[in-house]
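Geometric and topological summary
These are the residues of each chain, in order.
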Amino acid sequence: MSDDYVFEGPAEVPAPRDNNPPLSISELSFALKRTLEDRFGHVRLRGEISKVNRHASGHIYLTLKDDKSAIDGVVWKGSTRGLGVQPEAGLEVIVTGKITSYPARSSYQIVIESMEAAGAGALLAQLERLKVRLREEGLFEPGRKTPLPAFPAVIGVITSPTGAVIRDVLHRIAERWPCRVIVWPVVVQGEAACGQVSHAIRGFDSLTGDGPVPRPDLLIVARGGGSVEDLWCFNDEGLARTVAAARIPIISAVGHETDTTLIDFVSDRRAPTPTGAAEMATPVLADLRYAVADMDRRMVQAGGRLIEDRRTRLRAVARGLPARPEDLLALAQQRLDHVSSRLGSGLQRNVALHERHLAVTGGKLSPNLLRARIERGQDRLRGAGDRLGSALQAGVARGERRLLQVAARLSPAPLHRRLDQREARLLATTTRLDAVLPRRLERDADRLAALSRALATLDPGRPKPGFARIEDADGGWITSAAALETGQAVRLVFGDGARPAVIDGADSRPASPRPSAARPAPRPRATATDQGDLF
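Rules used throughout
Residues numbered from 1 in each chain as written. Predicted model: local features only at pLDDT ≥ 70, side-chain atom pairs only at ≥ 80, totals over all residues. Heavy atoms only, no water. Helix = DSSP H or I, 4+ residues; strand = E, 2+ residues; numbered from the N terminus. Buried < 20%, exposed > 50% of the residue type's maximum accessible area, 1.4 Å probe, protein only. Contact = heavy atoms within 4.5 Å. Areas by Shrake-Rupley, 256 points an atom, 1.4 Å probe, with all protein chains shown as cover. Axes fitted to C-alpha atoms, helices over the stretch in contact; angles between N-to-C directions. Parallel < 35°, antiparallel > 145°, perpendicular 65-115°, else oblique. Left-handed = near helix turned anticlockwise from the far one by under 90°. Nonpolar A, V, L, I, M, F, W, Y, C, P; charged D, E, K, R; others polar. Core = buried A, V, L, I, M, F, W, Y, C linked by side-chain atoms within 4.5 Å. Polar contact = N/O pair within 3.5 Å; in protein donor to acceptor, adjacent residues only side chain to side chain. Patch = residues over 30% accessible without salt bridge, like charges linked within 9 Å, V, L, I, M, F, W, Y side chains within 5 Å. Salt bridge = Lys/Arg side-chain N within 4 Å of Asp/Glu carboxyl O. Lys, Arg positive; Asp, Glu negative; His and termini not counted. Charge placed at Lys NZ, Arg CZ, Asp CG, Glu CD. Phe/Tyr/Trp six-rings, centres within 6.5 Å; stacked < 30°, edge-to-face > 60°. Pairing = 2+ DSSP bridges.

What follows covers the overall build of the chain. Per the secondary structure count, the chain includes 12 helices and 13 strands. The buried share of the chain, taken over its 535 residues, is 24%. Long-range pairs, those at least 24 residues apart, make up 62% of the contacts in the chain with a sequence separation of at least 6. Here the chain displays about 37,600 Å² of accessible surface, and carbon together with sulfur accounts for 56% of that area.

What follows deals with the packing of helix α3 (residues 164-176) against helix α7 (residues 274-281). Helix-helix packing is described using two parameters, namely the angle between the two axes and the distance between the axes. At a closest axis distance of 9 Å, the pairing of α3 and α7 adopts a crossing angle of 25°. Our classification of the angle between α3 and α7 gives roughly parallel. Handedness of the crossing formed by α3 with α7: right-handed. Side by side, α3 and α7 meet where Val165, Asp168, Val169, Arg172, Ile173 and Arg176 of the first sit next to Pro274, Thr275, Ala278 and Glu279 of the second. Of the residues belonging to the contact of α3 with α7, the class tally is five nonpolar, one polar and four charged.

Once that is clear, we can look at the nonpolar core. With 50 residues, the main nonpolar core has Met115, Ile158, Ile201 and Phe234 as its most contacted residues. Counting residues per element, this core draws most heavily on helix α4 (residues 193-205), which supplies six residues. With residues near it in sequence (within four places) discarded, Phe234 still touches Val188, Val197, Val221, Arg223, Leu239, Val254, Thr261, Leu262 and Ile263. Ile155, Val157, Ala253 and Ala271 belong to the second-largest nonpolar core, a separate cluster that totals 16 residues.

Quick look at the environment of Arg44 now. The topology assignment puts Arg44 in strand β1 (residues 43-54). C-alpha separation for the pair Arg44 and Ile110, spaced 66 residues apart in sequence, amounts to 9.9 Å. Apart from the residues lying within four places of it in its own chain, the contact partners of Arg44 are Ile94, Val95, Thr96 and Glu116. A distance of 3.3 Å separates a polar atom in the side chain of Arg44 from a polar atom in the side chain of Thr96.

Our focus in this paragraph is a positive patch on the surface. Together, Arg373, Arg376, Arg380 and Arg447 give the surface a local cluster of positive charge. Among the secondary structure elements, Arg373 is positioned in helix α11 (residues 367-409). Take Arg373: its relative accessible area is 55%, and that puts it in the exposed class.

What follows concerns the packing of aromatic side chains. Using the criterion set out here, one finds three aromatic pairs in the structure. The interplanar angle of 65° and the centroid separation of 5.2 Å between the aromatic rings of Trp184 and Phe204 together place this pair among those described as edge-to-face. Taken together, the residues span a long stretch of sequence, with Trp184 in strand β7 (residues 180-185) and Phe204 in helix α4 at a distance of 20 residues. The exposure class of Phe204 is buried, given its relative accessible area of 1%.

The next point concerns a nonpolar patch on the surface. Taken together, the side chains of Leu23, Leu28 and Leu32 make up a nonpolar region of the molecular surface, amounting to roughly 300 Å² of accessible area. When you line up the elements, Leu23 lands in the segment before α1 (25-39).

So, about unusual backbone geometry. Peptide bonds are mostly trans, and most non-glycine residues show a negative phi. The backbone of Lys51 shows a phi angle near 55°, a positive value even though the residue is not glycine. Its place among the elements puts Lys51 in strand β1. Of note, Ser106 is a non-glycine position whose phi angle comes to about 55°, a positive value. Here Ser106 shows up in the loop between β4 (92-102) and β5 (107-117).

Next up on the list: the sheet that holds strand β3 (residues 70-75). In space, the five strands of this closed barrel follow the order β1-β2-β3-β5-β4, with mixed pairing throughout. For this sheet, the mean angle separating the axes of adjacent strands, direction not counted, is 50°. With six bridges joining them, β1 and β4 adopt antiparallel strand pairing. Looking at β4, one finds that Leu45 is bridged to Val95. Packing of α1 onto the sheet brings it into contact with β4 and β5, and relative to β4 it is tilted by some 145°.

As a further point, take the environment of Arg440. By secondary structure assignment, the location of Arg440 is in helix α12 (residues 412-458). Taking the relative accessible area as the measure of exposure, Arg440 reaches 41% and is therefore partly exposed. The spatial distance from the C-alpha of Arg440 to the C-alpha of Leu381 is 9.3 Å, given a sequence separation of 59 residues.

Here it is in C-alpha cells:
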C-alpha cells in the first residue's frame, strides 16, 4: 500500500450547512429601519397632536393620533423654525416627513420636516386657546393700556415699504397733522413677518429722545386685508407679548374692519383700517386752529364783559362815598377827642383807688408778723447748725470705723497715706465750714435788719410825711368812713404830732393832690362823672 493512503487517527466530519442563519437583534432592527425609510421616505399624515414635549436640547417630541391609532413624532431642532404652526396639544395638523424606527425601543416614528394646520378651523381653535391663556394673564385688561398722545410730534409706522398701505397712511397724516413720520420696513406675511415686526417694535422702544433718530410718540402696525392664513403671523404669541410689553402706545391696523388678530387685543388701540389708524393718531390741524380762534374770540368777549361789570360796580360804590374824604374820619376823630378828655380823670381815680388799697393792706401788717418769721428763720438756722455738727461728727466716726476695718486688711503704709489724705480733706472741709457759717449768719442778719427797716417804714404807728392816722376818743384806729358819725370827735395823728377834729357830716370827694412847686399847674380839664370804657 502506498504511503499516500495511510491515515493516522479518525477522519474529520464536516459541519452541516444552515440555509436560515440567525440574526442579531441589532441586525434585525437596523434592517427594519432601512426598509421603513426606503419604503416610506416621504409621507403626509393628518392627525391631532397630543403629548407635546419640548426638550432642553431644542428637539420637540409629540404624538399624532386619530380615532383608532397613534404614532410618535419628532421634530429636530433645525426644523422647528420652518414649521408653519407651532405644535400644541389638541391642534389638528398635516405633517410631512419620513417614517423611521427607534431601535432602542423597537418602535417606529415619523421625523417631521414641515407642519401646517389642517384647515382654518384648526387655526381658529388654536387662536382661541391662546386668547384664553393671555386673557387669564391679564394682557387684555383695559387698565394696562396707555392712552394715545393728543398732539404727537413723531409717529412710527411699521409696515411694508411697498403697497398702498404706507401711501394711504402718509397721505392721511400729512393732510390732517403734518409731523415727522419714521417708517420701519418689514414683511407683513409669511414665517419671517412676526420676527421682523417684533424686532421693529423693540427697536422703536429702545430709542431715546436725544439720539440721532427721535423716539416716536406712538406706533402704528399696519397691513392690508387678506385671508386668515395671510394674517396669521399677527396671531403669534411672541409678537403679542412684545406689543403688550412696549412702552410706546401702539395702534393695531391689520386687515379690514372684519379682520381680527391677536395683537388687536393687546395693543393700546385697534383701528379698523390703516387709514383709520392715521386718523386716530392725529388731530385735524384746521379744526384746532378754528377752536383756538373761537376760544380767543370768546376770551376777548368775556374779558370785555368782566371789565364793564367791574366798572359798573366801581361807579356804584363811588356813589355811596361822601363828597369829602375828611368826613370818613370825622366820627372816629370825635370819639378819640372824647376818650382823651376822660383820660386824666381816669388816671386820677385809678391812683386814688390804689392808695386806698395800699392803706388797707398796710393796716393789716404788724411787727409781730415779721418778728415771728425772723424767729422761725433763726430757729431753723440753729437747728441746721446743730444737725450739721452732729452729722459731721457721725461722718467722721463712720470714716474712722471704715478706716480701722480697711487698716486690718491692708498694710500700714497705704493706710497711713489714705488716712492723711482723709484728715486733710476733713480739715479743709472744716475750714470751709467755719468760713461759710459766719457769712451765712451775717447774710441772715442783714436780711433781718432790712425786714426791720421795712417794718418801721410801714408801721402805722409812725405815719409818713403827708399821711395821718385817725383815732377815736378812746385811742382806737378808724380805718373806714363808715365807722365815723356826724359830730364825732376824732384825733388826727401825724408823724410830728396830733390835732383834734370833729366830723361835720358833709359829703366831700378826695381833693386832687397839690402840685409840687417845681411843676407848673396843669391846665384844668373837664371832669367826667363816669370813667366809661377806657379801663
